Amino acid sequence: MKSGQGRLILRDGRDVPIGYRLMHNELGNWCNGTLIGDMRSVDPGGFSHGLKADLADGNSIALLVTGHSDRHVTFVARYEPGDFPPNPQWRWGPSGSERE
């Protein structure tokens, strides 16, 4: 498990300060976890669109929200191309991760 601070980037460009806890998937490019912060300023419909989180370590993840409240967001995510060394068995294709 990895934890830290970062920013949730909304589609309209606004950002929300967050804490995060991530669990990495064995595929290397995927993770799941929880974002913790004050989500009251985020329109609930905004959680159904593409979100991104910028992490304190310099990586970015593209989020698919699985649940949310005023204080947290649960998600599955993929590291943005170039931000995290992919598993050698995988490469980034136009539609995401694909086997080589």
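Residues numbered from 1 in each chain as written. Predicted model: local features only at pLDDT ≥ 70, side-chain atom pairs only at ≥ 80, totals over all residues. Heavy atoms only, no water.

Student: Got a sec to walk through the pairing of strand 3 (residues 30–36)? Specific residues and values, please.
Tutor: Where a strand is regular, its side chains alternate between the two sheet faces. Burial along strand 3 is one-sided: the residues C31, G33 and L35 are buried and none of W30, N32, T34 and I36 is. In terms of strand pairing, strand 2 (residues 15–24) meets strand 3 through six bridges, oriented antiparallel. Paired with L22 across the strands is G33, a residue of strand 3. Bridge analysis of strand 3 against strand 6 (residues 72–79) gives seven bridges, and the strand direction is antiparallel. Each bridged residue has a counterpart across the sheet, and for N32 the counterpart in strand 6 is V76. (Buried < 20%, exposed > 50% of the residue type's maximum accessible area, 1.4 Å probe, protein only. Helix = DSSP H or I, 4+ residues; strand = E, 2+ residues; numbered from the N terminus. Pairing = 2+ DSSP bridges.)

Student: Mind laying out the pairing of strand 4 (residues 51–55), listing which residues take part and the relevant values?
Tutor: Across the two faces of strand 4 the burial differs, with L51, A53 and L55 buried and K52 and D54 not buried at all. Direction of pairing for strand 1 (residues 2–9) relative to strand 4: antiparallel, over a ladder of four bridges. Bridge pairing in strand 4 links G6 to L55. Sheet topology note: the strand 4/strand 5 (residues 60–68) ladder contains four bridges and is antiparallel. Paired with D54 across the strands is S60, a residue of strand 5. Linking strand 4 back to strand 5 in an antiparallel pair, the connection comprises four residues, with G58 at a positive phi of about 95 degrees.

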